[in-house]
Structure formats: C-alpha cells, structure tokens
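As a plain string of letters, each chain reads:
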Amino acid sequence: QVQLVESGGGLVQAGGSLRLSCTASGRTFNSYAMGWFRQAPGKEREFVAAIGISTYYTNSVKGRFTISRDNAKNTLYLQMNSLKPEDTAVYYCAASNRAASIRTAGYDYWGQGTQVTVSS
C-alpha cells in the first residue's frame, strides 16, 4: 500500500507557472505507474497526465505541462506552464499497480488533492 500527499498548489495569474509535487510513502514507489487528475467544481474528475513506460497527456495540456518522477525521492511532479483559467481545479495524484492509464478506475491509490486557481 502507498500513501500519497500532494503539495505545490496555489493562486497564480494566467500565463504563470506552478510545480505540483506528490510524495509517496513506502519503499516500492518505482514499481507504480503514476498519474495526475483534476476536478473542477461541478465537473467529473478528468485525466491530466500519466507516467509509466512512457508519458501521456490530455490534449488540452500538451506542450504546457510536464509529468516527471524522482524515484530516489519517492516523488511525482507536474510542471505546469502557461496556465489558463480553465486549468483551475483540485489536482490529484494517483498510483497504479498496473500500467499507466487515462481512466480513474485504473488507479488504486489517491492523494487528497491540492487546489490550483488561475486568475484571468
């Protein structure tokens, strides 16, 4: 089992940048595929990015967001550049015992989320 804790969210102006971090407990972090999802008020949780054998992004963040991981630090990152107001959401990291997935059902463990607010 793994516990996930996100950090790095906040308020930023449109065009700005944030880097989210997700720190995992346990000694087997490198065995998990990892993902970032987000949920805006009144909307369903949606896929943002994932990292396994390769990296995957939803179309709306391609070229602006970068997912990466540091297995020595048990940490997952999401570098977010050129932020837009429509990126405003609670961002969640998730871990999968299987392959990286774009579906929420593909993940076994979730963090509590960190709020990202982009002002126009």
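Quick caveat, the model's predicted, so the values are computed rather than measured.

Calculation rules
- Residues numbered from 1 in each chain as written.
- Predicted model: local features only at pLDDT ≥ 70, side-chain atom pairs only at ≥ 80, totals over all residues.
- Heavy atoms only, no water.
- Disulfide = S-S within 2.5 Å.
- Helix = DSSP H or I, 4+ residues; strand = E, 2+ residues; numbered from the N terminus.
- Buried < 20%, exposed > 50% of the residue type's maximum accessible area, 1.4 Å probe, protein only.
- Salt bridge = Lys/Arg side-chain N within 4 Å of Asp/Glu carboxyl O.

## Description of the state of the cysteines
Right, so step 1: Under the criterion given, the structure shown has one disulfide.
Right, so step 2: A sulfur-sulfur distance of 2.0 Å marks the disulfide that ties Cys22 to Cys93. On the S-S bond that ties Cys22 to Cys93, the torsion sits near 50°, and the link is right-handed. A residue pair is termed long-range when its members are at least 10 positions apart, and Cys22 in strand β3 (residues 18–24) and Cys93 in strand β9 (residues 89–96) qualify at 71 residues. In this pair, the class of Cys22 matches that of Cys93, namely buried.

## Side note on the pattern of salt bridges
Right, so step 1: Tallying each qualifying case throughout the model produces four salt bridges.
Right, so step 2: Note that Glu46 is salt-bridged to Arg38, the shortest N-O span being 2.7 Å.
Right, so step 3: Here Arg38 and Asp87 are joined by a salt bridge, their closest N and O atoms 2.9 Å apart. Taken together, the residues Arg38 in strand β4 (residues 33–39) and Asp87 in the loop between β8 (75–80) and β9 connect sequence positions 49 residues apart. Side by side, Arg38 and Asp87 carry an identical accessibility label, which is buried.
Right, so step 4: Within the structure, one salt-bridge network assembled from shared partners comprises Arg38, Glu46, Arg64 and Asp87.

## Re unusual backbone geometry
Right, so step 1: If you check the backbone angles, Asn74 has positive phi at about 50° while not being a glycine.
Right, so step 2: Mapping Asn74 onto the fold places it in the loop between β7 (65–70) and β8.
Right, so step 3: Assessed through its relative accessible area of 17%, Asn74 is described here as buried.

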